[in-house]
Amino acid sequence: MQRLSLGARNALEIARFGRLTEPYRAPYQVMQHDDIMRLRRYDGRRSGTGLESPILLVPPLMVTSEVYDIAPDVSAVARLLEEGVDVWLCDFGAPEREEGGMERTLDAHVQAVSRAVDYVAEQTGHDVHLAGYSQGGMFCYQTAAYRRSERLASVITFGSPVDIHRNLPNVAEGAAEQIIQVLQKVLEKPMERIDGLPGFMSSTAFKLVSLRKELTQVGDFVAKLHDRQALEKRESRRRFLGGEGFVAWPGPAFRKFVDEFIVNNRMLSGGFVIDGRTVTLADITCPVLYFVGERDDIARPASVQAIQRAVVDAEVFEVSVPAGHFGLVVGSGALRRTWPTVVQWMRWRDIDGPKPRALLADVETVPLEDPEVAGFDDIDVDLRLFFDAIGDTLTSLWNRIGQMTDDAGDVVTSLRFQVPKLERLEQLQPHTRISVGQALAEQAKASADQTFFLWRSRAFTYADADARVDAVVRGLSSLGVKKGDDVAVLMNGRPSLLTMATALSRLGAVALVLPPGASDAAIKTALADFSAKHIVADPEFGARARALDADAQVMVLGGGATRQLAIDGVVDMERIDPAKVVLPSDHDPNPGRARDLAMVLFSDARDGGLRSVRITNGRWAFSALGASAACTLTPNDTVYAALPLHHVAGMLVSVGSALVAGARLALADEIEGGGFPTGLHDDPAPFWREVRRYGATVVFYAGEMCRSLVNAPYQPTDATNPVRLFAGSGMKPSVWKRVVDRFDCGVLEFYASTEGNAVLANASGSKVGALGRPLPGSIEMALCAYDFDTKDFVRDSRGLLRRCGSSEPGVLLSRIDATHPAYDQDDPRVVRNVFAGGDRWWRSNDVLEQDRDGDMWFRGRLHEVLRAEGRSVFMRPIEDALDAAAGVSLAVAFVVEGEATAVVVPRDGATLERAGIEAALADLDAHQRPSAVYLANATDVQMTPGFRPMTRELRGNLASMTRLL
């Protein structure tokens, strides 16, 4: 009866007042206070320990900051103070109880933590150890990356996932990505309508995940209801777990967290955006210490350990603790293992103390058994069987689907993203309204707030890009530019060029995109074939553009509205107020049809001048949609545009594919040395830094671009990059194999005629070096027999061309339709009477072979074919054979005075000798072997803008090279 009486009295007091004791809280002072955070500094630090560097604790958004200070006997703060640590803490409060709290963004929280780091470092005069639990640890990673580790002594995290896709139990990584994307589509609309995630939902979810432990604690509480001392000892923990420890998650912050870090997994792949800046964990350079719970089912070990893959330029250390998620930071187990290790870590890093015992190889962990810390040191997941069953079912399902396709996830992706692109290609007609300007308008309408392009670590949304294009359209219109006008564009490969080309498309004008590296004489000659009354240039090219044509109107764009520009006869478009421009009444935005000329690009000609490449809207659309479908691009991808925007593949494939897919486009900064290394043995580190910073998943290449990547010394981080696919044309088989093996990614080699709609794609990648087969929806193509002696096609008795048989080299032709730039022109490359009287086909001037399976193989350009003893000698097989030889960095073959000649460049430190060269050529037929092989230096080989070796220069330097064969 006494026990019942005492129990009733205690229960009544709890019912009336909600608690038996006064709330516990270690004393502190609020040092800073803003709309996001109160910065605490705790009192009571023990002196004389030698530790001067402060620690800044960061809680997760859904849990109160008291997670570090729940009760005196389990307080991390108290333990750190006893060890002499200067303890600071970011208190985000309870957003649901603060004005504007539910409108907070994820960026605002990261920036608040960053400001706190600055303040703490300034006040203490020491770099800061930034520590965070669970999602708070993710904040620490993001802040460290955002700051590039400035003023940070280290980052310390506890159960903080980096690869969230690995958090799904028993589900393969590819399947997990598909499941998450499906769930996103289901939850997308409800998430847009909620103000945030209420605290009671987090509390309830925690109780459900630890249901057995929750019931045990309820029973234990009832059994001890008479024992006031026992209840008081556990009251702080009971109330924390009962709901007081959980707060709301603001809606904007929650939605971005789901989109960036759950759906797109950008903590691992890089390229998440904070305050308009792209950030990657690869930017972290300070030491990292992370704790992983062996029984953690909220942040599973594999998801936490992914920090080792994401951080590439810093020391990373792991401590494994036999605990669950809460037990990592709260409870007697945490006081015995976690927090002493943190203190030892700080001593080791700051004052040359001994290495923490937990980091020593001979340390043996002991399972935790402590009934006094129930609910903190472990989480029994009664839903484990449920998750296991679901995981087994999903894995089985994906495996069954996988019997029909190499990648089960491609089924869903293809149905959702790729099939519509191919259908659009098949339905493309000459009168179809399509253009780059229209594509941008469509994406801006559908995904206004999604990131479109990234440049110099800044992010710009589709809405931003579309508004900028509209403003430039008004400026051009005010200067008299109208539909059908030829407008010369002299700009470097940066956003202003992309904006101008799109604005001209929206007006219906034709952009003549000139390569700035060309000589003025070559540019003048090239422009003579067009009636360009307007020239648009970068500010630095204003005077040059003025000198190119005295009669043309010259305009400059870029540099911002505040910069000063004073060049006689040059109009500064940045000074035009678009709001004051009235567009003509007949203005029709994006009027381009598939048959209309969209732009003209210029490439280097063999005579040293410029060759014009006419691109219709249909050609642009085919390249964009075709490449996007072949590369299976989705809005989750980031395309790295390393190719110059003046290059056909750069403007059409890199930019176009990203735009039509709704993917992010990362522009390499040519001016600041971004993009691929230009030399064979140049350091690829700047390229990889940009790839990681932007989280690039697809990189488009041309020619020998990837060779410098595989020629570089091996790095342990080579296989931990975010790239899933290198796609382009011209990669040699030896480089292909090395790229796949070294960087753990795929290669998609494809072929696209410069002005025709012929596209081949090696989609499976199973035949290394092959060009593949025609892309679905492609124009009709034919490989036709060619007489290399008479330099003409082989015709039958009816005067029609003959298709090549298997393994017979021929010239590729593509049928001309109304979307082809030569449809209404008498171009010498148009071949008539191919398979029927009067039909018209476009000659590619490329020699290909088709194998028995229907796959095409490149043999060389038509002008490079050498005839020897009545047989054809092709340069590509010679290059492939020499390329595979040990120690060869690059092989180039060409014709010199009627003989096949090759030049080889050795890898760094390698020695090439005659015997090795002869062995490499042994498998070629005798007539196919080169007559001479020379040894060259890497500096002897110059590349075209399309990364093809310039053979004219090599021919002129043969006399100074060593002859090996």
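A short tour of the structure in this document, coming up. (Residues numbered from 1 in each chain as written. Predicted model: local features only at pLDDT ≥ 70, side-chain atom pairs only at ≥ 80, totals over all residues. Heavy atoms only, no water.)

Looking now at the overall build of the protein. Helix and strand counts for the protein stand at 28 helices and 40 strands. Considering only intrachain contacts with a sequence separation of at least 6, the fraction spanning at least 24 residues in the protein is 72%. (Helix = DSSP H or I, 4+ residues; strand = E, 2+ residues; numbered from the N terminus. Contact = heavy atoms within 4.5 Å.)

This next bit is on the packing of helix 16 (residues 436-446) against helix 17 (residues 462-478). Following both chains from N to C, one finds helix 16 and helix 17 inclined at 135°, their axes separated by 8 Å at the closest point. On the basis of their axis angle, the class for helix 16 and helix 17 is oblique. Where helix 16 crosses over helix 17, the handedness of that crossing is left-handed. On helix 17, the residues touching Leu440, Ala441, Gln443 and Ala444 of helix 16 are Tyr462, Ala463, Ala465, Asp466 and Val469. (Axes fitted to C-alpha atoms, helices over the stretch in contact; angles between N-to-C directions. Parallel < 35°, antiparallel > 145°, perpendicular 65-115°, else oblique. Left-handed = near helix turned anticlockwise from the far one by under 90°.)

In terms of nonpolar packing, the biggest core is built from 107 residues, with Leu476 and Phe726 touching the most fellow members. With ten residues, helix 22 (residues 648-661) is the single largest residue contributor to this core. Every residue in contact with phenylalanine 726, bar those within four places of it in the chain, is listed here: Phe676, Phe687, Trp688, Val699, Tyr701, Cys706, Leu709, Val739, Cys745, Gly746, Val747 and Leu748. (Core = buried A, V, L, I, M, F, W, Y, C linked by side-chain atoms within 4.5 Å. Buried < 20%, exposed > 50% of the residue type's maximum accessible area, 1.4 Å probe, protein only.)

Attention now goes to the packing of aromatic side chains. Enumeration over the complete set of coordinates arrives at 22 aromatic pairs. Centre to centre, the rings of phenylalanine 452 and tyrosine 462 are 4.7 Å apart; their planes meet at 20°, and the pair counts as stacked. With phenylalanine 452 in strand 13 (residues 451-455) and tyrosine 462 in helix 17, the pair connects residues that are ten residues apart, well separated along the chain. Take phenylalanine 452: its relative accessible area is 4%, and that puts it in the buried class. With relative accessibility at 0%, the residue tyrosine 462 sits in the buried group. Put simply, the rings of Tyr640, Phe687, Trp688, Phe726 and Phe743 touch in pairs and so form one group of aromatic residues. Sitting over the face of the ring of tyrosine 146, arginine 277 holds its NZ or CZ atom 4.5 Å from the ring centroid. (Phe/Tyr/Trp six-rings, centres within 6.5 Å; stacked < 30°, edge-to-face > 60°. Lys NZ or Arg CZ within 6 Å of the ring centre and 35° of its normal.)

A few words on the pattern of salt bridges. Tallied over the entire structure, the rule returns 49 salt bridges. Across the pair aspartate 485 and lysine 482 runs a salt bridge, and its minimum N-O distance is 3.7 Å. Judged by relative accessible area, aspartate 485 falls into the buried class, the value being 14%. Note that lysine 767 is salt-bridged to aspartate 853, the shortest N-O span being 2.7 Å. Pair noted here: lysine 767 is in the loop between strand 27 (759-761) and strand 28 (773-774) and aspartate 853 is in the loop between strand 33 (840-850) and strand 34 (856-861), with a separation of 86 residues, a long-range link. In the salt-bridge network here, residues are joined through shared partners; they are Glu704, Arg707, Lys732, Glu879 and Asp883. (Salt bridge = Lys/Arg side-chain N within 4 Å of Asp/Glu carboxyl O.)

Here four strands make up an open sheet; going across it, the order is 37-38-39-40 and the pairing mixed. Across the chains shown, the open sheet's two edge strands, defined by having one partner strand only, are strand 37 (888-896) and strand 40 (962-963). Pairing between strand 37 and strand 38 (residues 899-906): eight bridges, direction antiparallel. Its bridge partner being in strand 38, valine 896 is matched across the sheet by glutamate 899. Contacts between helix 26 (residues 875-883) and the sheet are confined to strand 37 and strand 38, with strand 37 contributing the most and set at about 155° to the helix. (Pairing = 2+ DSSP bridges.)

Packing of helix 17 against helix 18 (residues 495-507) brings their axes to within 9 Å, and their N-to-C directions diverge by 65°. Taken as a pair, helix 17 and helix 18 cross one another with a handedness that is right-handed. Of helix 18, the residues touching helix 17 (which contributes Asp466, Arg468, Val469, Asp470, Val472, Val473 and Leu476) are Thr499, Met500, Thr502, Ala503, Leu504, Arg506 and Leu507. Looking at the contact of helix 17 with helix 18, its residues break down into eight nonpolar, two polar and four charged. (Nonpolar A, V, L, I, M, F, W, Y, C, P; charged D, E, K, R; others polar.)

Another aspect to go through is the side chain of arginine 742. Residue position: arginine 742 is located in helix 25 (residues 733-743). Only 2.9 Å separates the side chain of arginine 742 from the backbone oxygen of alanine 712, close enough to count as a polar contact. In this structure arginine 742 touches Leu709, Val710, Ala712, Pro713, Tyr714, Gln715, Asp718 and Ala719, once residues within four positions along its chain are discounted. (Polar contact = N/O pair within 3.5 Å; in protein donor to acceptor, adjacent residues only side chain to side chain.)

This paragraph deals with helix 17. The terminal C-alpha atoms of helix 17 lie 24 Å apart, and with 17 residues this matches the ideal 24 Å at 1.5 Å per residue to within 8%. Within helix 17 the residues assigned to the buried category are Tyr462, Ala465, Asp466, Val469, Val472, Val473, Gly475, Leu476 and Ser477. Following helix 17 by one or two positions, glycine 480 has its phi on the positive side, about 95°. (Expected span 1.5 Å × (residues − 1).)

Structurally, the position occupied by arginine 664 is in strand 23 (residues 664-667). For the buried arginine 664, no salt bridge is present, and the opposite-charge side chain at shortest range is glutamate 260, 4.7 Å distant. When near neighbours in sequence (up to four residues on either side) are disregarded, arginine 664 contacts Arg266, Gly270, Gly271, Val273, Thr451, Phe452, Leu454, Asp637, Thr638, Val639, Ala658 and Tyr694. (Lys, Arg positive; Asp, Glu negative; His and termini not counted.)

Let's shift gears to the environment of methionine 573. Structurally, the position occupied by methionine 573 is in the loop between strand 19 (570-572) and strand 20 (597-604). If we ignore the near neighbours within four places in the chain, the residues touching methionine 573 are Val472, Gly475, Leu476, Leu479, Met500, Met555, Val556 and Leu557.

Residues of strand 3 (residues 55-58) alternate between two faces, with Ile55 and Leu57 on one and Leu56 and Val58 on the opposite face, all of them buried. Note that the unit made of strand 3, helix 2 (residues 76-82) and strand 4 (residues 87-91) has a crossover that is right-handed. Judged from the four bridges that link them, strand 3 and strand 5 (residues 128-133) form a sheet pairing that is parallel. Across the sheet, leucine 57 pairs through a bridge with alanine 131, a residue of strand 5. (Right-handed = clockwise from strand over helix to strand, strands pointing away.)

What follows concerns the state of the cysteines. Simply put, the disulfide is a covalent bond whose two ends are the sulfur atoms of two cysteines. Applying the stated criterion across every chain yields a total of zero disulfides. In this structure cysteine 804 is not part of a disulfide, and its nearest cysteine sulfur, from cysteine 784, lies 6.7 Å away. (Disulfide = S-S within 2.5 Å.)

Alternating residues of strand 14 (residues 458-461) divide into Ala459 and Thr461, all buried, and Arg458 and Phe460, none buried. Sheet topology places strand 13 next to strand 14; four bridges connect them, and they run antiparallel. The partner of threonine 451 across the bridge, within strand 14, is threonine 461. What sits between the antiparallel neighbours strand 13 and strand 14 is a turn of two residues, in which arginine 456 has the positive phi angle 50°.

Another point: the sheet that holds strand 21 (residues 610-616). As summarised here, the arrangement of the seven strands in space is 19-18-17-15-16-20-21, forming an open sheet in which the pairing is mixed. Two strands close off the open sheet at either side, each with one partner strand: strand 19 and strand 21. The sheet shows a mean angle of 25° between the axes of neighbouring strands, taken without regard to direction. Bridge analysis of strand 20 against strand 21 gives seven bridges, and the strand direction is antiparallel. Bridge assignment links valine 600 to a residue of strand 21, and that residue is arginine 614.

Quick look at the environment of glutamate 749 now. Within the element layout of this structure, glutamate 749 appears in strand 26 (residues 746-752). Glutamate 749 has contacts with Tyr701, Gly728, Ser729, Gly730, Met731, Trp736, Ala761, Asn762, Ala770 and Leu771, leaving out every residue within four places of it along the chain.

A word on helix 4 (residues 135-147). Because each turn of an α-helix spans 3.6 residues, side chains separated by three or four positions in sequence point in the same direction. The end-to-end C-alpha distance of helix 4, which contains 13 residues, comes to 18 Å, matching closely the 18 Å that a straight helix rising 1.5 Å per residue would cover. For helix 4, a buried count of 13 out of 13 residues is recorded, marking the element as mostly surrounded by other parts of the structure. In the segment just after helix 4, arginine 148 is the residue with positive phi, at about 55°.

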